[in-house]
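# Tertiary structure, described
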Amino acid sequence: MADLDRNDIEHVLWAAGVLKDTPRPELLKNQVVASCFFEASTRTRLSFEAAVHRLGGAIVGFADGNQTSMANKGESLADSIKVIGSYAHALILRHPAAGAARLASEHTDIPVLNAGDGANEHPTQALTDLFTIHEHRGSLDELRLAVCGDLRYSRTVHSLARSLCFFRKVRLTCLAPPALSLPADLRAELENAGMSVHEANSLEDVLTDAEVLYMTRIQRERFTHKDAAPPTAPFQLTPAALHTAGPRMQVLHPLPRQEEIRPEIDTDPRAWYFQQAANGLWVRQALLALAITRDPQLHGGPGH
Ligand code: NCD
């Protein structure tokens with residue numbers, strides 16, 4: 001997220017809106033995009049790949065890092081990236097190591113899109129989240145956002161919180177079990193950037209005030225043996241709990257969901273998480289188009 005500023009974010013969200021309204025089936029004609037996933041993925045990989053196909057581009061890559069020369073022949077990530085960079089016009093990378101996308105970008109001249117690096121960041125998801133909030137609310141300034149669940153390991157929360165530092169008077173309320181609270185250095189970074197960060201003790205406390213409730217699952221796969229046994233869904237959004245929320249509140253979730261949102265909520269108009277996942281297609285189309293084309297309409301930006 002640190003590679004973007006408010007103008008960039010607004011430009012991406014605007015371009016995503018343009019592409020949502022007007023399909024551009026030839027925008028990535030003759031462009032090859034490498035999709036390299038070293039970690040499990042459903043939405044991020046398929047929305048990126050569908051985005052490339054819908055824009056007329058071609059995809060190469062893998063969804064299982066275990067089948068690569070890195071896993072089987074001891075090749076370094078840096079060497080692999082150097083080579084892939086000579087085959088494709090852009091590289092989408094998901095990797096379990098924090099900083100992997102940054103490292104990759106230092107070994108190739110083609111644009112690298114971070115599709116999740118360990119527990120660190122997931123900026124294309126954050127942009128999808130911002131797009132979904134903006135679609136409903138019309139602005140990102142003065143947002144009252146509550147984030148709930150595993151705030152320690154949820155990279156989507158880390159990127160979303162960082163992205164909101166560019167907007168005015170954002171109020172962030174955190175609800176997490178003590179062992180899974182927002183990392184202290186991230187909290188300090190947000191507060192230094194002017195965000196007001198608070199902690200809550202129960203879902204009921206946050207529901208009356210939040211405009212957006214961002215739920216996350218417990219990231220069990222990121223627990224090390226040193227960690228205490230992970231709690232199962234310490235906070236659960238039920239129809240009864242949702243009763244206390246305002247009629248325009250948005251419930252977001254990067255998905256996959258576990259027990260933290262009861263399925264009965266899916267039909268409530270405040271449940272936006274499937275629209276949010278659908279919006280990933282437009283946001284990822286916009287990112288690819290801005291990264292690898294010189295399309296005058298999209299590069300002109302809002303107001304041109
Ligand atoms: C998230 C991820 O991979 O970080 N999923 C996604 O990309 N939408 C969230 C998660 O795995 O819990």
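An account of the accompanying structure is given in this report.

Rules used throughout
Residues numbered from 1 in each chain as written. Predicted model: local features only at pLDDT ≥ 70, side-chain atom pairs only at ≥ 80, totals over all residues. Heavy atoms only, no water. Helix = DSSP H or I, 4+ residues; strand = E, 2+ residues; numbered from the N terminus. Rg over C-alpha atoms; globule rule 2.2 N^0.38 Å. Buried < 20%, exposed > 50% of the residue type's maximum accessible area, 1.4 Å probe, protein only. Contact = heavy atoms within 4.5 Å. Near = heavy atom within 4 Å. Polar contact = N/O pair within 3.5 Å; in protein donor to acceptor, adjacent residues only side chain to side chain. Areas by Shrake-Rupley, 256 points an atom, 1.4 Å probe, with all protein chains shown as cover. 1 Å grid on protein atoms, 1.4 Å probe; cavity = no way out; pocket = protein on both sides within 12 Å on 5 of 7 lines; lining within 4 Å. Sits in = over half its atoms within 2 Å of the grid points. Nonpolar A, V, L, I, M, F, W, Y, C, P; charged D, E, K, R; others polar. Salt bridge = Lys/Arg side-chain N within 4 Å of Asp/Glu carboxyl O. Pairing = 2+ DSSP bridges. Axes fitted to C-alpha atoms, helices over the stretch in contact; angles between N-to-C directions. Points joined across faces, edges and corners; volume = space filled by probe spheres on them. Right-handed = clockwise from strand over helix to strand, strands pointing away.

### A word on the overall build of the protein
A tally of helices and strands in the protein yields 12 helices and 9 strands. For 304 residues, the compact-globule estimate of 2.2 N^0.38 gives 19 Å, and the protein sits close to it at 19 Å. Out of the 304 residues in the protein, the part that is buried amounts to 53%. Taking contacts inside the protein between residues at least 6 apart in sequence as the whole, the part at least 24 apart equals 74%.

### Overview of the site of the ligand
Residues in close proximity to the ligand include Thr44, Arg94, His122, Gln125, Arg155, Thr156, Arg217, Gln219, Pro254, Leu255 and Pro256, which together make up its full environment. One nitrogen or oxygen atom from the main chain of Pro254 is found 2.9 Å from a nitrogen atom belonging to the ligand. For the ligand, the accessible surface in isolation is 310 Å², of which the surrounding protein chains cover 93%. With respect to the detected pockets, the ligand is housed in the second largest pocket. Considering only residue class, the shell around the ligand consists of 3 nonpolar, 5 polar and 3 charged.

### Quick look at the pattern of salt bridges
Going through the model one piece at a time under the given rule, you end up with 22 salt bridges. Of the charged contacts in the structure, one is a salt bridge between Glu39 and Arg155, with a shortest N-O distance of 3.0 Å. Taken together, the residues Glu39 in the loop between strand 1 (32-37) and helix 2 (43-54) and Arg155 in helix 7 (residues 155-163) connect sequence positions 116 residues apart. For the pair Glu39 and Arg155, a shared accessibility class is recorded, and that class is buried. What emerges from the salt-bridge pattern is a single network uniting Arg6, Glu10, Asp141, Glu142 and Arg168.

### Some thoughts on the sheet that holds strand 1
Here 4 strands make up an open sheet; going across it, the order is 2-1-3-4 and the pairing parallel. Every other strand in the sheet has two partners, leaving strand 2 (58-62) and strand 4 (112-117) as the edge strands with one partner each. Direction aside, neighbouring strands of the sheet carry axes that sit 15 degrees apart on average.

### Let's talk about the sheet that holds strand 5 (residues 144-148)
One open sheet holds the 5 strands; their spatial order is 7-6-5-8-9, and the pairing between them is parallel. One side of each edge strand has no neighbouring strand; the edge strands of this open sheet are strand 7 (196-199) and strand 9 (250-252). Going across the sheet, the axis of each strand differs from the next one's by a mean of 20 degrees, ignoring polarity. Bridge count for strand 8 (residues 212-215) against strand 9 is 3 bridges, and the pairing is parallel. Bridge pairing links Tyr214 to Leu252 in strand 9. Here helix 6 (residues 123-137) sits on the sheet and contacts strand 8 and strand 9; the angle it forms with strand 9, its principal contact strand, is near 165 degrees.

### Some details on unusual backbone geometry
Cis peptide bonds are those with omega within 30 degrees of zero, and the linkage from Leu255 to Pro256 qualifies with 10 degrees. Residue position: Pro256 is located in the loop between strand 9 and helix 11 (273-292). With a phi close to 65 degrees, Asn30 is a non-glycine residue in the positive phi region. As for its position among the elements, Asn30 is in the loop between helix 1 (6-21) and strand 1.

### A word on the layout of surface pockets
When its volume is computed, the largest pocket comes out at roughly 670 Å³. Around the largest pocket, the lining is made up of 24 residues, and of these Asp3, Leu4, Val112, Asn114 and Pro123 lie nearest the centre. Contributing elements (two or more residues each) for the lining of the largest pocket: helix 1, helix 5 (100-105), strand 4, helix 6 and helix 11. Tallying contributions element by element places strand 4 first for the lining of the largest pocket, with 4 residues. Considered as a void within the structure, the second largest pocket measures approximately 430 Å³ in volume. Contributing to the lining of the second largest pocket are 21 residues, with Ala40, Arg94, Arg155, Arg217 and Pro256 lying nearest its centre. Where the lining of the second largest pocket is concerned, the elements lending two or more residues are helix 2 and helix 7.

### Side note on empty space enclosed by the protein
Over the atoms rolls a probe the size of a water molecule, and in doing so it shows where empty space is left. This model, assessed by the stated rule, comprises 1 cavity of 30 Å³ or more. Along its surface, the largest cavity is lined by Gly149, Thr216, Arg217, Ile218, Ala233, Pro234, Phe235 and Glu260.

### Description of the pairing of strand 6 (residues 171-175)
Along any regular strand the residues' side chains alternate between the sheet's two faces. In terms of residue burial, strand 6 counts as a mostly covered element, since 4 of its 5 residues are buried. One crossover worth recording links strand 5 to the parallel strand 6 by way of helix 7, and it is right-handed. Both strand 6 and strand 7 contribute to a ladder of 4 bridges, which runs parallel. Looking across to strand 7, one finds that Thr173 is bridged to His198. Considered for its hand, the β-α-β crossover made up of strand 6, helix 8 (residues 184-192) and strand 7 is right-handed.

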